[in-house]
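# Geometric and topological summary
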Amino acid sequence: MNDKYMDLAILEAKKAERINEIPVGCIIVMNDNVIASGYNCKESEKNSIRHAEINAIDEACRKLNTWRLDDCVMYVTLEPCMMCMGAIVESRIKVVYYGTKNNVEQMYDNSKICKRVNLINTDNYECSKILTDFFRKRRKK
């Protein structure tokens, strides 16, 4: 795991937070180069699929002119949801580092996913803190 890439994913999450979105950020790396980034913007775009991972995968596919992201590694601040995990599997990303566990029960079968994607929880304090602080502020409103 490369901390500098998770730090970049956290910067993406902060972009989401600035526009009052749930602060989730994502970076996709290939051959030690960042090729795509994304952050959650489903509220501002009024589109349920505009999660950080989907946005980053979309950018990577356009940049590489292929849907096959076999040689890419994803860094995301929050464990992917079922929709994003489906997109990760379909795009053939083999390794995903996520900063904090998603407290929502996952609807995908980890025993099947782990055959295709190496999901690695980095237990990144800052990833957890940005989400906790965001929801704490939201509840006060």
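See the structure shown above.
Treat the numbers as computed from the prediction; the structure is a model and nothing was measured.

## What about the side chain of E12?
Tracing the backbone through its elements, the reader meets E12 in helix α1 (residues 3-18). Within the structure, E12 has its side chain in polar contact with the side chain of K15 (distance 2.9 Å). With sequence-adjacent residues up to four places away left out, E12 is seen in contact with V24, G25, C26, I27, S37, G38 and Y39.

## A short note on helix α3 (residues 52-64)
Spanning 13 residues, α3 covers 18 Å between terminal C-alpha atoms, matching the ideal 18 Å at 1.5 Å per step. Check the buried side of α3 and you find it contacts β1 (25-30), β2 (33-39), β3 (72-78) and α4 (82-91). Once α3 finishes, N65 follows within two positions and takes phi at roughly 60°, a positive value.

## Some words on the sheet that holds β2
Pairing in this open sheet of 5 strands is mixed, and the strands run β2-β1-β3-β4-β5 from one edge to the other. With one partner strand each, in any of the chains shown, β2 and β5 (118-121) form the two edges of the open sheet. Averaged over all pairs of adjacent strands, the angle between strand axes in this sheet comes to 20°, irrespective of strand direction. Here 5 bridges tie β3 to strand β4 (residues 95-100), and the two strands are oriented parallel to one another. Across the sheet, the residue bridging to V76 is Y98, located in β4. Helix α6 (residues 125-140) rests against β3 and β4 of the sheet, and its axis sits at about 55° to β4.

## As for the packing of aromatic side chains
Counted by the stated rule, this structure contains 3 aromatic pairs. An angle of 45° between the planes, with centres 5.3 Å apart, marks the rings of Y5 and Y75 as tilted. With a gap of 70 residues between them, Y5 in helix α1 and Y75 in strand β3 connect regions that are remote in the sequence. Side by side, Y5 and Y75 carry an identical accessibility label, which is buried. The interplanar angle of 15° and the centroid separation of 5.0 Å between the aromatic rings of Y75 and Y97 together place this pair among those described as stacked. Of this pair, Y75 sits in strand β3 while Y97 sits in strand β4, and the two are 22 residues apart along the sequence. A single burial state applies to Y75 and to Y97, both of which are buried. An aromatic cluster is present here, built from Y5, Y75 and Y97 joined pairwise through their rings.

## Quick notes on α6
In this model α6 runs 23 Å from its N-terminal to its C-terminal C-alpha over 16 residues, within 8% of the 22 Å that 1.5 Å per residue would give. For α6, the complete set of buried residues consists of C127, I130, L131 and F134. The buried residues of α6 occupy one face: seen down the axis, they fall within an arc of 90°. Away from its buried face by more than 90 degrees, α6 exposes Y125, R139 and K140. Next to the buried residues of α6 lie α1, β3 and β4. One side-chain oxygen at the N-terminal end of α6 lies 2.9 Å from the backbone nitrogen of E126; it belongs to N124.

Criteria and thresholds
- Residues numbered from 1 in each chain as written.
- Predicted model: local features only at pLDDT ≥ 70, side-chain atom pairs only at ≥ 80, totals over all residues.
- Heavy atoms only, no water.
- Helix = DSSP H or I, 4+ residues; strand = E, 2+ residues; numbered from the N terminus.
- Polar contact = N/O pair within 3.5 Å; in protein donor to acceptor, adjacent residues only side chain to side chain.
- Contact = heavy atoms within 4.5 Å.
- Expected span 1.5 Å × (residues − 1).
- Pairing = 2+ DSSP bridges.
- Axes fitted to C-alpha atoms, helices over the stretch in contact; angles between N-to-C directions.
- Phe/Tyr/Trp six-rings, centres within 6.5 Å; stacked < 30°, edge-to-face > 60°.
- Buried < 20%, exposed > 50% of the residue type's maximum accessible area, 1.4 Å probe, protein only.
- Arc of directions from axis to C-beta.

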